[in-house]
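Residue-level structure breakdown
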Amino acid sequence: MDRATFACSTAFFRDYSSSSHTAFCLPTGHVDFIEKVESFTYSDFFRDYLIPNHPCIFSAKFTEGWGSRRNWVTWDGKPNFDYLLQKFGEAIVPVANCDVKEYNSNPKEQIPFKEYINYWKEHIKNDYRSSRGCLYLKDWHLSRTPFHADVFRSYSWSANICGRKKWLLYPPGQEEYLKDRHGNLPFDVTAPGLQDNSVYPRYTQSQPPVEILQEAGEIVFIPSGWHHQVYNLEDTISINHNWVNGCNVAIMWCFLQDELAAVQREINEWKDPMDDWHVQCQLIMKSCTGIDYKEFYNFLKVIAENRISVLENGLDDEALAKNTPKAAISTLGMLHAVFDLKRTVKVLTSLSANEDFKKLDLTSLSPPPEALLHHLKAAIDTALL
Ligand SMILES: O=C(O)CCC(=O)C(=O)O
Ligand SMILES: [Fe+2]
């Protein structure tokens with residue numbers, strides 16, 4: 001990250017409260033297409049997409065040198081089953097059945113990759129039909145991903161190694177218009193049922209989605225909290241990745257507070273009779289969301305300590321060679337580490353002052369929040385000297 005980007009990002013978060021962050025949406029529904037690799041820097045990405053939380057598409061030139069694009073795909077752009085079998089045949093992979101709906105998702109099973117490849121070949125041979133339904137190998141990750149926003153409201157990128165996808169994207173806040181009378185999001189945002197005013201009373205106020213057609217080799221960037229639904233338009237292999245950094249860690253914290261509030265509403269009537277109601281709320285939150293407040297503290301701690309170690313020790317050759325997270329953050333530059341630390345201080349301060357957090361037994365947290373905060377502030381001050 002360069003100095004100018006650091007300065008404008010710091011100013012952005014100084015001038016706008018994090019709660020108004022979700023209001024930054026696209027005025028026109030247009031999504032930028034980034035064609036050239038040479039003239040586009042990480043600082044450009046940070047300033048124009050991560051900070052304003054806008055989606056974008058990277059051209060296939062960005063993935064040209066990837067081994068997966070060479071080896072996983074045949075000359076005619078189809079999955080190279082022989083290569084994939086030889087490389088990954090014995091791996092156990094999660095497979096979702098897209099023809100069956102279970103709550104707002106699809107049921108998953110674990111099968112050997114070679115079995116999945118056999119299914120896939122059969123499926124193609126039978127004109128994309130199978131008695132086993134439409135199986136989608138996911139999260140190792142012909143078919144569809146139901147309407148959702150990503151885990152913890154993280155960012156994600158998704159690169160098509162081969163094949164094509166259609167994305168329907170809704171900016172943060174739009175999901176409110178897409179909920180039914182009970183506050184539930186639809187499984188399929190294109191289902192005719194959404195037109196039924198008695199079930200989806202606010203649907204008519206929603207904006208049409210931003211639609212993206214993603215071609216082979218292209219990478220789609222999905223910002224924090226953007227709900228989306230995704231279709232594979234042909235046999236597709238994609239690689240995707242979720243991440244949180246200083247730009248969206250406050251969005252994650254807001255999301256966790258909303259999740260806890262939802263749990264608290266749900267079991268509010270037990271508040272008086274139960275001694276450990278707050279602990280139970282955390283437990284339920286963890287089982288629904290995957291994380292509770294104390295784990296979030298540890299999450300912040302790990303990020304912070306990683307950045308501090310980059311600032312304090314610089315980068316040793318060993319870490320660089322091993323391609324560790326420390327190496328990654330160092331590639332992004334010291335100023336990125338400082339930026340992330342400043343945002344972490346902000347969120348950690350809010351977490352430490354949070355009434356629900358303070359009610360928990362925090363004796364197991366090491367170091368205690370005040371000590372960690374102190375350490376972070378000292379590291380930032382030293383780095384900025
Ligand atoms: O490709 C898919 O089916 C889903 C990908 C997705 O939801 C994401 O990358 O955030
Ligand atoms: Fe997603």
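Fair warning: this is a prediction, and the values are worked out from it, not measured in the lab.

Turning our eyes to something else, we now look at the pattern of salt bridges. Under the criterion given, the structure shown has ten salt bridges. Between Arg-307 and Asp-340 there is a salt bridge, and its shortest N-O distance comes to 3.0 Å. Of this pair, Arg-307 sits in helix 8 (residues 293-313) while Asp-340 is found in helix 11 (residues 334-353), placing the two residues 33 residues apart along the sequence. Here the two residues Arg-307 and Asp-340 agree in accessibility, since each one is buried. Among the salt bridges present, the one from Glu-355 reaches Lys-358, with a minimum N-O distance of 3.5 Å. Residue Glu-355 and its partner Lys-358 are both found in helix 12 (residues 355-358); the two are separated by three residues, about one turn of the helix. Several salt bridges converge on common partners, so that one network encompasses Asp-44, Arg-47 and Asp-48.

Another point: the pairing of strand 11 (residues 227-232). For strand 11, the tally of buried residues reaches six of six residues, placing the bulk of the element in the interior. Burial along strand 11 is two-sided: the face carrying His-227, Gln-229 and Tyr-231 and the face carrying His-228, Val-230 and Asn-232 are both buried. Bridge analysis of strand 8 (residues 165-170) against strand 11 gives six bridges, and the strand direction is antiparallel. Note that in strand 11 the partner of Leu-168 across the bridge is Gln-229.

On the protein side, the iron ion (ligand 2) has His-148 (NE2), Asp-150 (OD) and His-228 (NE2) as donor atoms, found 2.0 to 2.1 Å from it. For the iron ion (ligand 2), all donor residues lie on one chain, and their spacing in sequence is H-x1-D-x77-H. Here His-148 is found in strand 6 (residues 144-148), whereas its partner His-228 is found in strand 11, with 80 residues between them in sequence.

Attention shifts here to the sheet that holds strand 3 (residues 92-97). Sheet architecture is open: three strands sit in the order 4-3-5, paired in antiparallel fashion. Edge strands, defined here as strands with exactly one partner in the open sheet, are strand 4 (108-112) and strand 5 (135-137). Geometrically, the sheet is characterised by an average inter-axis angle of 40° between neighbouring strands, direction not taken into account. Here five bridges tie strand 3 to strand 4, and the two strands are oriented antiparallel to one another. Residue pairing in the sheet places Val-95 in a bridge with Glu-109 of strand 4. Contacts between helix 5 (residues 113-125) and the sheet are confined to strand 3, strand 4 and strand 5, with strand 4 contributing the most and set at about 100° to the helix.

This brings us to the nonpolar core. Ranked by internal contacts, the top residues of the largest apolar core, which has 59 residues, are Phe-45, Phe-58, Phe-221, Leu-256, Tyr-293, Phe-296 and Leu-351. Of the residues forming this core, the biggest block, nine residues, is contributed by helix 11.

Calculation criteria
- Residues numbered from 1 in each chain as written.
- Chains lettered and ligands numbered in written order.
- Predicted model: local features only at pLDDT ≥ 70, side-chain atom pairs only at ≥ 80, totals over all residues.
- Heavy atoms only, no water.
- Salt bridge = Lys/Arg side-chain N within 4 Å of Asp/Glu carboxyl O.
- Helix = DSSP H or I, 4+ residues; strand = E, 2+ residues; numbered from the N terminus.
- Buried < 20%, exposed > 50% of the residue type's maximum accessible area, 1.4 Å probe, protein only.
- Pairing = 2+ DSSP bridges.
- Donors = N, O, S within 2.8 Å, 3.2 Å for Na, K, Ca; no water.
- Axes fitted to C-alpha atoms, helices over the stretch in contact; angles between N-to-C directions.
- Contact = heavy atoms within 4.5 Å.
- Core = buried A, V, L, I, M, F, W, Y, C linked by side-chain atoms within 4.5 Å.

In short, shape yes, function no, at least from these values alone.
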